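Coordinates in review
Letter by letter, the chains look like this.
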Amino acid sequence: MFVSYVLEVLFHMHFLYFVIKQGVNMNNGKRTFWLLIIVWIMFMYGATNLSCNYSLNLKNQLVAHCDNRGFITVPRNLIKNIKVLDLSHNLITVIKNNTFINYTKMDILILNSNNISEVHEYGFEGLRYLRILRMENNAINISKLPTRLFRPLENLIVLEIGRNEEQWMVHESFVYPDKVFSNLKSLQNLSIDLFDRPEFGNGFKSLQTLAVLNFRRCYMRFGKLSNETFRNFSPKLRELYITRCHHFFHIDKGILRYFPELNILDLSHSYIHLYQALNILYPYQNKKMSVINFHHISDKSINNDKFPYSVIITKELMRYLSSICIEALDLSATGIADDELYSLFSFQYPGCFKTFIISANRLPSTTLEHYMQNVLFLTRATNLKTFDMSYLPAQYLKPLFLDVYHPGKFIGSHNQEKQHIFHQSFHITINLPPLLEFVRYTHMTVVSASVSFTCQNTSLRNFDISFSIFEQYPNVSNECGKELIYLDVSGLSSTILFQSISLPKLTTLKMTHASIDRSIIEGRQWMLGHAPKLKSVDLSFNNLWTLSDTTLFNDKNMTHFNLSNNFFRRVPSTVYKLRHLESLDLSNNLITSIDYTIRKWLDEIIVPNQNLSLNLNNNALVCSCDTVDFLLWLTKTKVFFVNGNNYTCTMSNNSQANLIEVTKDINKYFADCQATTWLRIGIVLVSCTFGVSIPFSVLYYYRWKLILFLFRTFRRAVERGLYVNYEYDVYISYEERSISWIKNHLLPKVEKEWGMKTFVHDRDLIPGESTSDSKALSIHQSRHVIFIITERFCEYEWGSFEIERAKYEKYTQNLMKIIVILQNVHVNDIPEQLVNISNDVIFIKWDEHETEISENQTRWFKLKTLLFLN
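Notes on the structure follow.

About the criteria used
- Going along each chain's sequence as written, the residues are numbered from 1 onward.
- Where local features are concerned, this predicted model is filtered to residues with pLDDT of at least 70; where side-chain atom pairs are given and counted, the filter is 80 or more; whole-chain, interface and lining totals use all residues.
- Hydrogen atoms and water are omitted, and side-chain values are computed over all heavy atoms in the structure.
- For this analysis, a nonpolar core means a set of buried residues of the types Ala, Val, Leu, Ile, Met, Phe, Trp, Tyr and Cys, connected via side-chain atoms within 4.5 Å.
- Each residue's exposure class comes from its accessible area (1.4 Å probe, protein chains only) as a fraction of the maximum for that residue type: buried when under 20%, exposed when over 50%, partly exposed otherwise.
- Starting at the N terminus, helices and strands are each numbered in turn, a helix being any DSSP run of H or I of at least four residues and a strand any DSSP run of E of at least two.
- Contacts between residues were defined by any pair of non-hydrogen atoms, one from each residue, lying within 4.5 Å.
- Between the rings of Phe, Tyr and Trp (Trp by its six-membered ring), a pair exists once the centres lie within 6.5 Å; its type follows the angle of the planes, with under 30 degrees stacked, over 60 edge-to-face, and the other angles tilted.
- Comment: the charge-over-ring label is applied if NZ (Lys) or CZ (Arg) is within 6 Å of the ring centre and within 35 degrees of the ring normal.
- Side-chain atoms alone can form a polar contact between residues adjacent in sequence; in general such a contact is a pair of N or O atoms within 3.5 Å, and within protein one must be able to donate a hydrogen while the other accepts it.

**Things to note about the nonpolar core**
Across soluble globular proteins, you tend to see nonpolar side chains buried next to one another. Core analysis: the largest hydrophobic core is formed by 180 residues, its most contacted members being Phe100, Phe124, Leu133, Phe150, Phe230, Phe294 and Phe561. Sort the elements by how many residues they give to this core and helix H10 (residues 628–634) lands first, with five residues. In contact with Phe150, other than residues within four places in its own chain, are Phe124, Leu133, Leu145, Leu159, Ile161, Val180, Phe181, Asn183 and Leu184. Within the second largest apolar cluster, 22 residues are counted, among which are Trp741, Val760, Ile786 and Ile821.

Pasting the structure below:
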C-alpha cells in the first residue's frame, strides 16, 4: 500500500541532492535560480504529501487527513488507495474536471467549510464507489450545478450540500435542479437548504430509496409549503427535518400526505405556529411514529387573530396528535397558555411514550382537574423513561393587591381564606411509571395542592425539582431513591427536604440556593447516612462562611466539590478529610490565602494518575509579608489552578497585582519583611511596658461598666458560635401616637443608659428602599422585638406585617424574645395574632403612673432584665 508513497519520497530526495551538488560550482545568479527551484519543489512537496496525515479507521480503511491545511486546490499526489479524504476547512474555491480521478477507491469525501463556489461538470469523475459526499458550508449555487455532475456517483447514499449560498429570487419560486439530483438513484440521505417558494421537479421521483430529507438551513420568508410541494419525493421517506425557519410562513394541511411511512418529524425552531403543526398530522392517525419535535414552533413574533401568541389547546386541535402512537414528543416552548379538560394529555396510546417534554409553557396549575390529567397520563404511560414538565408560570395562593382608595396600602383577596381551605382539602399522589429514568420539574410553581411522588420497581436515575415552589413540599417515597444517581434540589430549603429518604446510589447532588447555612446551624447531617456514594456535590450560592464543625457528606468517595459564590474567608478545614478529591471550586469567595494545614493536605492527595484542580478565581487574595509562605508554595505545588494566570492579589499599598508575576520575583516584593518583623516585636515590647499599670487603674474605675460590657461581649461570642449575627438589640413596633413616649422616655433609657442599639422606623428606615424589605431585614437582624400596644394599634398599617415577621423569626429560632408593652388597653384591643402566640410572648402591663423614668419602678427593671438576659 505504501510502496508508491516511499518511492515518491526517495525520488524527491535524490532530485534535491542532485540539484544541490550541481549548484556548488555555479555562479551567484545560477545558484539563486536553482535555490528558487528547490524552494518551489519543497513548497509543492509540503503542500501535497507532507501536509496530510494518514491513519486507519475502525473499518481498517486508509484515511487522508488534509483538513485545515490551507489548501487552495485539491492535492493530486496523495496515496491512491485512500478510502476517506477529509479536505474540510481549507481554501478551495473550484472543483475542476477529473480532480479526483486518481482516487477511484474512495468511499467518503469531505469538502465542508471551504469556499467552493464552482463545481465543473466532470468534477467527481471516477468516484464510482463513493458512498458519502459532504460539501456543506460553502458558497455553492445549487441552481447552477451541471446536469451530469452526480452521474458518476451511482452508489452515493449520503449527500450533504446544505448551508450554502442563499438564492435571492424575490417574489419568485425557487426551482430545484431536479435533473441534477435525478442521477442519484441510490441516495438515502439528502441534506439541502430550503429556499422560498420551493418547487421540486419530476427528477426527484428517481430518488426512490430516499429515507431522510434534512433542510439544513431555511431561507423561507414570503412563501409557503403547499399541498404539492413534496409530491415528487419518495413515499418511503421516514425522516423529515424542517428546522430553524425564523420567519413565519404558511403550510397547507396536506403537505405530509406523500409520506405515509414517516417516522420522525422535526419542525423545531421553525416559527410555523402550533396550530399549523398539529393540523398537518392527519395522515398519521392510528400510526406509530418515533419522534415528533415541535420545540419552539410558536414565537412572540407570531401574534395575530388567526395565529395568537397564546395558544389554548382544545380537543379539536389534539384530534390528530392524540391518535398517534408516539415514542418521543416535544411540545416545549410552544406558547400553550391553557388547555381544555381531557385534551392535552388525552392520548389514545400513552403506553407508546418513552419521552415526553412539555416545559417552558404557561400551563395552568390551579385546579384539581388539571392535576388529574397529568396524574392519569403518568399512570397510563407505563413505558415512559423521560418526563419534563418544567418552567411553569407562578400561580400565587395569597396575592396582595393595591387598595384603589388608598394607594400604597395592600389588601388581600376577600375569599383567600376560603380558597386556602379548599386547596388544602385534596392531596395528589403521582405514581411514577416503573421504567421512568429522568424526571424534571425545575422552576415549576405548584401552590394549589399538596403532592406526593411514589415509585414501584422504579428505574428513576435523574430527578430535578430545582427552584420550584410548592404549597407544601412534596413527599417522595423511599422507593424513588433506590436507583437515583443525579439529584438537583437547588432553590429548595435543605432543612425540610428528603429527610428520611435513602439514596444508596446517588453520586451527584446539586443544592445551590438551598439554605445550607441553616442546615449547618441546626446540625443536619442526613446526607452522610443516606447518600454514602456521593462523588460530586455543588453547594454554591448558599451564604456559607464555615463548614469546620459540620460533617454533611461521606468523605470516602467525594471527587468534585463546588463551594463557589459563598462567604468563605479561608478554605474550610473540613475539606482536608476528602482524600480523593479531584476538583475543588472556591471561586467568588473572600479567601485571602491558604493556611499551612490545607496546603499540606493539597500536596498529599496528589498522587500519580490523579490530578487536582483548585479554582480560586475572584477571591480577595493578599500578597504581603503575612502570606509569603503561601506565595512560595504556589511556585512549587503541583496543584492545577483553574484560570490561574488571571488571579490578582492586593498588595500592602492596596494596589492590585497579577499573582503569577508576584510569585516570580518574591524577593523583589518582600525583601524588607524580616526587618519589619523585628520592628513589630520592639513596638510590642515598648507598648507592654507602658501598658501594664494603666489598665489596672482603668479597670477599677470603670469596673461596673466593664462587667456589663464583658457580659454583652460574651453573649455576642456565644451567638457567633451559634452563627447568629444581630445588627440591633431591639426592634420597636408602634403606632404614631406612641412616638412621644418612645422619644422622651423609652429611647433615653434603653439607648443612653443601657447602651443598646434600637431600630425605630421613623428614624432608621432608609429612604428609597422598599419599606417591607427594610422592615423584614431589620426584624431578622434584631435580638428582641418590642410591640407598644395602645388602643389604636390595630389602625397601624404595618402592625400585622411586623407581627407575622416576628412570629416567623421566633419560630426559626433567630429571635430571642417578643415583648408586648400594654399601655392602658383592654384585652379586646390586643391584636389576635399576638393572642394566638401568647405562650411565646411576654406581656408587660404599663400603667400611666409608671411611664416616668425612675430606677425604683418595677416595670423598668423587668424590661431591663428581659432585654439583657437571653
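**Re the packing of aromatic side chains**
Counted by the stated rule, this structure contains 44 aromatic pairs. Between Phe345 and Phe356, the aromatic rings sit 5.9 Å apart at their centres with planes inclined by 40 degrees, giving tilted as the arrangement. Of the two residues, Phe345 sits in the loop between strand S20 (336–339) and strand S21 (355–357) while Phe356 sits in strand S21, which places them eleven residues apart along the sequence. Of the two residues, Phe345 and Phe356, neither departs from the other in class, the shared state being buried. Between Phe453 and Phe463 the ring centres are 5.7 Å apart and the planes differ by 75 degrees, which places this aromatic pair in the edge-to-face class. A residue pair is termed long-range when its members are at least 10 positions apart, and Phe453 in strand S28 (residues 450–455) and Phe463 in strand S29 (residues 462–464) qualify at ten residues. Across the pair, exposure class does not vary: Phe453 and Phe463 are buried alike. Sitting over the ring of Tyr282, Lys253 keeps its end group 5.5 Å from the ring centre.

**With respect to the side chain of Thr637**
Inspection of the secondary structure assignment puts Thr637 in the loop between H10 and strand S38 (640–641). Thr637 gets classed as buried once you look at its relative accessible area, which sits at 14%. Polar side-chain contacts of Thr637 include one of 2.9 Å to the side chain of Asp603.

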